[in-house]
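Chain and residue survey
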Amino acid sequence: MKFDDFLDEQLKDPEFAKAYEEVQPEMNIIRAIIDARISKNMTQKELSKKTGIAQAEISKLENGTRNPSIKLLQRLAEGMDMVLNVTFTPKKKTM
């Protein structure tokens, strides 16, 4: 079974769906940090050197055990020569 198929099946459970929806903002931020770093071909250690943020802290951000502040996200973006954008997007309506 593919992960997407498994997830679709699990999302039929209202309790699971609610819990999954609640963690999506954090997961999106984590994924964005990791994707940005990888797109720049940077290791956590290299990003640490450019930002002055300890590599252990970057690891905690990427594994979800630490929530970043906007200031910290800005420092990460600058260290990767990127611009931080925060957007609010309308929710998709479910039928």
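Report on the accompanying structure. What you are looking at is a predicted structure, and each value in this text was computed from that prediction instead of being measured. (Residues numbered from 1 in each chain as written. Predicted model: local features only at pLDDT ≥ 70, side-chain atom pairs only at ≥ 80, totals over all residues. Heavy atoms only, no water.)

This part takes up the overall build of the protein chain. Broken down by element type, the protein chain carries five helices and zero strands. Each helix and strand of the protein chain, ordered N terminal to C terminal, gives the series α-α-α-α-α. Against the 2.2 N^0.38 benchmark of 12 Å for 95 residues, the protein chain shows a C-alpha radius of gyration of 16 Å, more extended than a compact globule. Seen along its three principal axes, the alpha-carbon backbone of the protein chain occupies a region of about 45 × 30 × 20 Å. Within the protein chain, counting contacts between residues at least 6 apart in sequence, those at least 24 apart form 42% of the total. Put simply, the protein chain shows about 7800 Å² of open surface, and 55% of that area lies on carbon and sulfur atoms. If you average the places of the 16 positive and of the 15 negative side-chain charges in the protein chain, the two averages end up 8 Å apart. (Helix = DSSP H or I, 4+ residues; strand = E, 2+ residues; numbered from the N terminus. Rg over C-alpha atoms; globule rule 2.2 N^0.38 Å. Contact = heavy atoms within 4.5 Å. Areas by Shrake-Rupley, 256 points an atom, 1.4 Å probe, with all protein chains shown as cover. Lys, Arg positive; Asp, Glu negative; His and termini not counted. Charge placed at Lys NZ, Arg CZ, Asp CG, Glu CD.)

Attention now moves to the packing of aromatic side chains. Using the criterion set out here, one finds one aromatic pair in the structure. On the basis of an interplanar angle of 15° and a centroid distance of 6.1 Å, the ring pair of phenylalanine 16 and tyrosine 20 is categorised as stacked. Taken together, the residues phenylalanine 16 and tyrosine 20, both in helix H2 (residues 14-39) and four residues apart, mark about one turn of the helix. Overall, tyrosine 20 belongs to the partly exposed group, its relative accessible area being 29%. (Phe/Tyr/Trp six-rings, centres within 6.5 Å; stacked < 30°, edge-to-face > 60°. Buried < 20%, exposed > 50% of the residue type's maximum accessible area, 1.4 Å probe, protein only.)

Orientation of helix H3 (residues 44-51) relative to helix H4 (residues 55-63), taken along the N-to-C sense of each, is 120°, at an axis distance of 8 Å. Looking at the two axes, H3 sits oblique to H4. For H3 against H4, the interelement crossing comes out right-handed. Here H3 contributes Gln44, Lys45, Leu47, Ser48 and Thr51 to the contact with H4, which in turn contributes Gln55, Ile58, Ser59 and Glu62. (Axes fitted to C-alpha atoms, helices over the stretch in contact; angles between N-to-C directions. Parallel < 35°, antiparallel > 145°, perpendicular 65-115°, else oblique. Left-handed = near helix turned anticlockwise from the far one by under 90°.)

Turning our eyes to something else, we now look at a nonpolar patch on the surface. Nonpolar side chains collect at one region of the surface, where Met1, Phe3 and Phe6 lie side by side and expose about 410 Å² of accessible area between them. Summarising the element assignment, phenylalanine 3 is placed in helix H1 (residues 3-10). Given the relative accessible area of 57%, phenylalanine 3 is considered exposed. (Patch = residues over 30% accessible without salt bridge, like charges linked within 9 Å, V, L, I, M, F, W, Y side chains within 5 Å. Salt bridge = Lys/Arg side-chain N within 4 Å of Asp/Glu carboxyl O.)

Most peptide bonds adopt trans geometry, and most residues besides glycine take a negative phi value. In this model, asparagine 41 sits at a positive phi of 55°, which is unusual for a non-glycine residue. With respect to the helices and strands, asparagine 41 occurs in the loop between H2 and H3. Residue aspartate 81 is not a glycine yet carries a positive backbone phi of 55°.

When you line up the elements, threonine 51 lands in helix H3. Ignoring anything within four residues of it in the chain, the contact list for threonine 51 reads Ile58, Arg75, Leu76 and Gly79.

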